Amino acid sequence: MSTKQEILTGAELIARGAIDAGVDFFAGYPITPASSIYSAMLSKLQATGKVAIGASDEISAIAMCIGASMRGAKTMTATSAPGLCLMTENISHAFVTESPVLIALGQRLGPSTGAATQSHEGDISFLQHIIAGGYTIPVIAINSIFNSYSLTIKAINISEKLRTPVVLLSEKDIIMSATNVSVSALEQEKQRAVFINRPYFNFESDEIYKTYNFNQINEIPEFLAAGIGTKHRVVATGSLHDKKGTLSKTSTEALEVLEHLNAKIKNNFEDLYDLDEESGANTLIISFLASDLSAKEAIKKARKENLKVSQLTIYSLFPVPEKIISELTTRYQTIIIPEVNFSGQYADAIMHLINKAKVIKINSQADLIKPERIYKEIKNAL
Amino acid sequence: MTTVTLDAKDFKSEVHPDWCPGCGDFGVLNCLQRALAELGILQHQVAVISGIGCSSNLPGFINTYGMHTLHGRSLPNAQGFKLAHNDMHVIAVGGDGDGYGIGVGHLVHALRRNIDMSYLVMNNSIYGLTTGQTSPTSGEGMKTKSTPFGNPEAPLNPLTLALGSGASFVARAFSGNPKQAIEIYKAAIQHKGFALVDTFSPCVTFNKVNTAQFYRDNTYDLNAEGHDPSNLMKAMEVASRDTYGDRIATGIFYQSQRPCYEESEKDTLSTPIVDHILGISPERAAELIANFK
């Protein structure tokens, strides 16, 4: 086995994952720290003759992606919270038009322009409620530089499979930090990965094509790219519509389409998490993003001293992996949730699933959580 | 009445600019401070309003009212500010990405609306704060972080855009020619209407093409050559011909006396909104407010 190593940033690995997963259209607008993804995507895609464009603003960037997605491209953009705010209307548009788009979000300290180069995991609540009407889009959280590669592929697969915008959530400390990565380990990740495309409609079929067709409420409509073949007309709209894509405000079918938008994600989504359980432990750490690494350091130290502790690492923050959280939290007395924001945004999002256990939030602003703080709470819980 | 004599250092704030040493924006800041001083405008009579970018940090470094708003959104903020306080000099500032990229929609409408204010664009043909991506005024073929194989897009011409959008004052300066820049800024601030001044303000760190030396070698003063700024067609011709390439015009391209927005809306705007007298007596107003308590 080769021992060759490369020094790579999270941004570089996100770009590699995206290219390997088949992304062939990228539009972005410069913003720190997401510019690192933007630059990596532009140089890589343009080098292979695919489309990568610097848009005149974030509104144009994501709108270009939606247009390209309708033409059949696998699309991606990258931004940070100020850009995400501008993209919000278009993300709703992508959701309603069932257009796969990956939004790589590099978090930084907010609100407003905030501080572009300070750590933060503060966009969690915003993302949970980003679609007007109370719908959920998948949010996949990256917990390490190395995992940036395979989680990007998974996020793109989800976007394609479910025909929905997906947020790939990272933060400044992952995308702008570099580490040594084993070339063979990365190759293994690539071999293990599966690459999924959206379900396609046979353009030669005589069946009438409907852009948003489904028989069962949770079925994903088959996709036909605008401009393929001559038999079928493809119409897309962000307004309330029937299965064909015709504007319709109150028809039974239009309301069924709304119900379908919720059901298709809820019923087809597969939760992504890792569980590291230690028998006899009464303390469980629920962690995600870079705080997961702080937790891992703390656990290593605790276990050396024979302190028992388990860890649930969550990758799919939304939809909330309700089953595993409610099942696990009945078996532990103390739940520790570290996150880099002042209120414990994800802890609040899952609190209703935790019945008896005591919840300890560990929070910080503008800086990563020191493993020492988590270790102290593990010790206190005994 | 007492007369106050000001000089540029009266417009210096306590914050030292965070720009790279040698940045063209130092020249713009200095010229703006000197222009205000020479016009005898007091610090509290000026609001400097910016977007986001290196140059948009300017309101922090000038001793006037200042607003550092969102990326591309300086003009809507500045126009709102001006309409509520039309007795003040409002100067919007920002970079080419901020004004000609993300904020260009606002610019077009500000030009035709013709509110009495100035807009100084520090044009360096690059995104500096995000470390060097192609901007709307980067030249064709230019290699940047976002165009590693050369920029395939034609650059935007801010001057013809402005002239075609109903501008009443269009000028171009160069931070390396302060004598001319100060005179242009003074004229822009005194102009009754929306005044756009595009200023070459070279980025020493990320743009190795549009350097100070490049502009020293390739610019000429069109007013010194007898250009008539009241002639729109002539302005269009010069702006269109002498913007890119090796003969670049600077100076006042065009100035017209068409009524500004405030003059067309005299009834409501002759008094600043904050000074408007309500159509009811103070006693009656107090009674009404009491009802809501």
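See above for the structure.
None of the values given here were measured: they were computed from a predicted structure.

The rules behind these values
Residues numbered from 1 in each chain as written. Chains lettered and ligands numbered in written order. Predicted model: local features only at pLDDT ≥ 70, side-chain atom pairs only at ≥ 80, totals over all residues. Heavy atoms only, no water. 1 Å grid on protein atoms, 1.4 Å probe; cavity = no way out; pocket = protein on both sides within 12 Å on 5 of 7 lines; lining within 4 Å. Points joined across faces, edges and corners; volume = space filled by probe spheres on them. Helix = DSSP H or I, 4+ residues; strand = E, 2+ residues; numbered from the N terminus. Nonpolar A, V, L, I, M, F, W, Y, C, P; charged D, E, K, R; others polar. Disulfide = S-S within 2.5 Å. Buried < 20%, exposed > 50% of the residue type's maximum accessible area, 1.4 Å probe, protein only. Domains from an automatic or database assignment.

When you look at empty space enclosed by the protein in this model, what are you seeing that I'm missing?
Where empty space is left can be seen by rolling a probe of water-molecule size over the atoms. Residue and element names in this part refer to chain A. Taken as a whole and judged by the stated rule, the model has two cavities of 30 Å³ or more. Its boundaries defined by the atoms lining it, the largest cavity holds a volume of some 40 Å³. Lining the largest cavity are V23, K74, T75, P100, V101, L102, I156, S159 and E160. Of all the secondary-structure elements, those providing two or more residues to the lining of the largest cavity are β5 (101-107) and α6 (148-162). With three residues, the top contributor of residues to the lining of the largest cavity is α6. A class-by-class count of the residues in the lining of the largest cavity yields five nonpolar, two polar and two charged. Taken as a whole, the second largest cavity encloses approximately 30 Å³ of empty space. Forming the boundary of the second largest cavity are S326, T329, T330, L353, I354, N355 and K356.

Just to check I follow, could you spell out the state of the cysteines for this structure?
Disulfide: a covalent bond formed between the sulfur atoms of two cysteine residues. If you walk through the whole model with that rule in mind, you get zero disulfides over all chains. C85 of chain A carries a free sulfur, and the closest cysteine sulfur to it, the one in C65 of chain A, is 18 Å from it. Since its relative accessible area comes to 46%, C85 of chain A is described here as partly exposed. As a non-bridged cysteine, C31 of chain B has C23 of chain B as the owner of its nearest cysteine sulfur, 13 Å distant. By relative accessible area, C31 of chain B is classed as buried at 2%.

Teacher, can you tell me more about the layout of surface pockets here?
The volume enclosed by the largest pocket comes to roughly 940 Å³. Forming the boundary of the largest pocket are 50 residues, of which I31, P82, R108 and T113 of chain A together with I52 of chain B lie nearest the centre. At the level of secondary structure, the elements contributing two or more residues to the lining of the largest pocket comprise α4 (81-96) of chain A together with α3 (96-102) of chain B. Looking at the lining of the largest pocket residue by residue, the classes come out as 20 nonpolar, 23 polar and seven charged. Counting residues domain by domain, the lining of the largest pocket receives three or more from each of domain 1 (5-192) and domain 3 (273-381) of chain A.

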